[in-house]
Amino acid sequence: MTAEVSTETGDGAATNGVPTFESLDPRTGEVVDTYPVHDADHVDKAVQRARDAQQWWADLGFSGRKQRLDQWRKLLVRRLDEGAGVICAETGKPIDDARLELVLVVDHLAWAAANAEKVLKRRKVSSGLLMVNQASTVEYHPHGVVGVIGPWNYPAFTPMGSIAYALAAGNSVVFKPSELTPGVGAWLARTFEEAVPDQPVFTVVTGFGETGAALCRSGVNKLAFTGSTATGKRVMATCAETLTPVLLEAGGKDAFIVDEDADLRAAAEAAVWGAMSNAGQTCVGVERAYVVDAVADKFLDQVATMAAELRPGGEPQANLGPITMASQVEVIRRHVDDALERGARAVVGGSHSVRAPFVEPVVLTDVPPEADVNLDETFGPTIVVQRVRDVDEAIDLSNRSRFGLGATIFSRSRGADLARRIRAGMVAVNGIIAFAAVPALPFGGIGDSGFGRIHGEDGLREFTRPQAVTRAKFRMPINPMTFKRSPRTVRRLMRLVRLMHGR
Ligand code: NDP
């Protein structure tokens, strides 16, 4: 395990007098492991060590880093079942879902390592006619140390969307995992250290929100946060104290649109997976479906049939695991009750479906627009199916949300056209959450879903600072940028500009 955690977990933490906390299996409440609550002093030291290590990491260059990140990737593949076990123990999700999460981690890591050089290396740009004597280049340098704060719902995939890309770009990383999933963070750091034992390039600090706040204040050169919108605002305010730039991947309220020519069976299957997989605890999960009137009844029937077959539980054959964060159960209950009190109809499940730590699938329809379940992130295995006049109304309702993370459209003839009208960072057409699994695509939201991008070329650039360099190749015959210029120089320049831009 990488330095920050290895010396202080378990007994070490107790004997050192460092306060500790327990990570629990949400299915049973059993203790999975014990981790230190790191204070600001510890976080500062971790960041300092990461700063020293960063120079070594940057000096390796793209190919040296790629070679080491590839070693890490191969190790992650060999140990995939072990990692899936840790994810499963701390989140309660089915083991195959945990495996799937790590498959995506590995694919993104491979892409980031393979493409960093192409995207970030120094490249020439045209200097233009007015500056024809200059050779112009742009190069993307790493920020230095990147702090990453992650959530618990996809405790490997979501933070790795920042960690893998930040490392490939030449930064070192200090990661603060959610207090619910510290073991997943520690496992990632431990495997990295096995693959790259030379320097503490990627380390983990553990604890609660205060440890995260200490990371914001520690002097990291950028802070990448994934979590709820409310915490994201606090993180941004804390980072503002030191003018630390932030990337915010926050919550969502993703819409799912079904056009009248859609493949209804495929659409229903996608909607149920999008809404119910991981027990609905997915930032880009489906929360609201808008279905064109002509096919609404059929779609609702199919969704209801499929959703009713799903069984939550802690055993390997269960379709859904528990609600990982105990307090979220009350949010789900409140959303369902509020909708029903406002006259909504439960086609599958209802209030009785909420039985902590598990929630059975709930399919609601005829939900008034002002109901909480239509406005705020429910983060449970629920879906609201709403009948609409046409796709224009569907798009209008989709875009009314204060969130703008992902969206889905099922349409045979005009999916791509409709996608462009959606106010969201990512759209899947005739598929579900596909964009998250394509490493070359940027991932991130707008509005209350945050800003900045992980994944893809934009995700690599997010963890760099562009540097522009000009080099004079020869003296210009006309030089207006000197006190020695004559009025004639400016007159000639004006003639040139009129010719170039005035016509
Ligand atoms: P939280 O916002 O509760 O926590 C996120 C992280 O921030 C945790 O590590 C948490 O630590 C830490 N934290 C809490 N308070 C502070 C603070 N004051 N300063 C710094 N860090 C702090 O989110 P959840 O873990 O509950 O995750 C679920 C949310 O994440 C959902 O809203 C979901 O939509 C969103 N999400 C967004 C994704 C995206 O890519 N846009 C992807 C996945 C999830 P601790 O846990 O110890 O309190």
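What you see is a predicted model; the values in this text were computed from it and never measured. (Residues numbered from 1 in each chain as written. Predicted model: local features only at pLDDT ≥ 70, side-chain atom pairs only at ≥ 80, totals over all residues. Heavy atoms only, no water.)

Caption draft 1: Representation of the side chain of Q386. Mapped onto the elements, Q386 comes out in strand β16 (residues 382–388). For Q386, a relative accessible area of 19% puts it in the buried group. In this structure Q386 touches A289, Y290, V291 and V367, once residues within four positions along its chain are discounted. (Helix = DSSP H or I, 4+ residues; strand = E, 2+ residues; numbered from the N terminus. Buried < 20%, exposed > 50% of the residue type's maximum accessible area, 1.4 Å probe, protein only. Contact = heavy atoms within 4.5 Å.)

Caption draft 2: Up close: the layout of surface pockets. Of the pockets and cavities examined, the largest pocket occupies roughly 1100 Å³. Of all elements in the fold, only α9 (209–217), β8 (222–226), α10 (229–240) and α13 (326–341) reach the threshold of two or more residues within the lining of the largest pocket. (1 Å grid on protein atoms, 1.4 Å probe; cavity = no way out; pocket = protein on both sides within 12 Å on 5 of 7 lines; lining within 4 Å. Points joined across faces, edges and corners; volume = space filled by probe spheres on them.)

Caption draft 3: Spatial organisation of the site of the ligand. Taken together, 31 residues lie near the ligand, and E179, S228, A250, C283 and E377 sit nearest. Within the side chain of K176, one N or O atom sits 3.0 Å away from an oxygen atom of the ligand. Contact between the ligand and G227: an oxygen atom at 3.4 Å from a main-chain N or O atom of the residue. Across the complex, the protein chains shield 90% of the 900 Å² of accessible surface that the ligand would expose by itself. Placement of the ligand is best described as lying within the largest pocket. Where the shell around the ligand is concerned, the elements lending two or more residues are α9, β8 and α10. Residues that form the shell around the ligand fall into these classes: 14 nonpolar, 12 polar and 5 charged. (Near = heavy atom within 4 Å. Polar contact = N/O pair within 3.5 Å; in protein donor to acceptor, adjacent residues only side chain to side chain. Areas by Shrake-Rupley, 256 points an atom, 1.4 Å probe, with all protein chains shown as cover. Sits in = over half its atoms within 2 Å of the grid points. Nonpolar A, V, L, I, M, F, W, Y, C, P; charged D, E, K, R; others polar.)

Caption draft 4: The arrangement of a positive patch on the surface in detail. A contiguous patch of positive charge on the surface is contributed by R488, R491, R492, R495 and R498. Assignment of secondary structure puts R492 in helix α18 (residues 487–501). (Patch = residues over 30% accessible without salt bridge, like charges linked within 9 Å, V, L, I, M, F, W, Y side chains within 5 Å. Salt bridge = Lys/Arg side-chain N within 4 Å of Asp/Glu carboxyl O. Lys, Arg positive; Asp, Glu negative; His and termini not counted. Charge placed at Lys NZ, Arg CZ, Asp CG, Glu CD.)

Caption draft 5: Spotlight on the packing of helix α4 (residues 61–78) against helix α8 (residues 182–195). Interaxial distance between α4 and α8 falls to 9 Å at its minimum, and their mutual angle equals 125°. As judged from the angle between their axes, α4 and α8 are oblique. The hand of the α4/α8 crossing is right-handed. Contacts between α4 and α8 involve L69, Q71, W72, L75 and L76 from the former and W187, L188, T191, F192, E194 and A195 from the latter. (Axes fitted to C-alpha atoms, helices over the stretch in contact; angles between N-to-C directions. Parallel < 35°, antiparallel > 145°, perpendicular 65-115°, else oblique. Left-handed = near helix turned anticlockwise from the far one by under 90°.)

Caption draft 6: Looking closely at the UniProt feature "active site" (unreviewed entry) in the protein chain. In the numbering adopted here, UniProt assigns the feature "active site" (unreviewed entry) to E249 and C283. The largest pairwise C-alpha distance within this set of annotated residues, which runs over 35 residues, is 9.1 Å, so the set is compact in three dimensions. Lining residues of the largest pocket drawn from the annotated set just named are E249 and C283. According to the relative accessible area criterion, E249 is buried, its value standing at 3%. The residues contacting E249, other than those within four sequence positions of it, are F225, T226, G227, L405, F443, G444, G445, S449, G452, R453 and I454. (UniProt positions renumbered as here; feature names shortened; annotations may be inferred.)

Caption draft 7: Main features of the packing of aromatic side chains. Applying the stated criterion to the full structure yields 12 aromatic pairs. With a centroid separation of 6.2 Å and an interplanar angle of 35°, the aromatic rings of W56 and W57 are classed as tilted. Judged by relative accessible area, which is 0%, W57 ranks as buried. Judged by centre distance (5.8 Å) and plane angle (55°), the ring pair of W72 and F202 falls under tilted. (Phe/Tyr/Trp six-rings, centres within 6.5 Å; stacked < 30°, edge-to-face > 60°.)

Caption draft 8: Structural view of helix α3 (residues 40–59). Compared with the 28 Å implied by 1.5 Å per residue over 20 residues, the 29 Å span of α3 between its first and last C-alpha is a close match. By the largest-angle criterion, A53 marks the main kink of α3, which is about 30°. Burial in α3 covers these residues: H42, V43, A46, V47, A50, A53, Q54 and W57. One or two steps after α3, the chain reaches G61, where phi turns positive at roughly 75°. (Expected span 1.5 Å × (residues − 1). Bend = angle between axes of the 7 residues up to and from the residue.)

Caption draft 9: Quick look at the sheet that holds strand β10 (residues 254–258). Within the open sheet, the 7 strands sit side by side as β12-β15-β16-β11-β10-β18-β19. Their pairing is mixed. In the strand order of this sheet, the two ends are held by β12 (345–348) and β19 (426–429), each with one partner. Across the sheet, the axes of successive neighbouring strands diverge by a mean angle of 25°, strand direction being ignored. By the bridge criterion, 3 bridges tie β12 to strand β15 (residues 362–365) in an arrangement that is antiparallel. (Pairing = 2+ DSSP bridges.)

Caption draft 10: Representation of the pattern of salt bridges. As enumerated under the stated definition, the model contains 27 salt bridges in all. A salt bridge links E393 to R389; its shortest N-O distance comes to 3.6 Å. For R389, a relative accessible area of 61% corresponds to the exposed category. Its salt-bridge partner being R402, residue D448 comes within 2.6 Å of it at the nearest N-O pair. Of this pair, D448 sits in the loop between β20 (446–447) and β21 (450–451) while R402 sits in the loop between α15 (391–399) and β17 (403–404), and the two are 46 residues apart along the sequence. Since its relative accessible area comes to 40%, R402 is described here as partly exposed.

Caption draft 11: Representation of the nonpolar core within the structure. Counting 61 residues, the largest nonpolar core has W72, L167 and F202 as the members making the most contacts within it. The element that contributes the greatest number of residues to this core is helix α6 (residues 95–120), accounting for 11 residues. Residues within four places of W72 in sequence aside, it is in contact with L109, M160, I163, L167, L188, T191, F192, A195 and F202. With 44 residues, the next largest nonpolar core counts M276, V286, A289 and I323 among its residues. (Core = buried A, V, L, I, M, F, W, Y, C linked by side-chain atoms within 4.5 Å.)

Caption draft 12: A look at empty space enclosed by the protein. Enumeration over the complete set of coordinates arrives at 2 cavities of 30 Å³ or more. There is about 80 Å³ of room inside the largest cavity. In terms of lining, the largest cavity is formed by 15 residues, of which the most central are R288, S398, G406, R423 and A424. When its volume is computed, the second largest cavity comes out at roughly 30 Å³.

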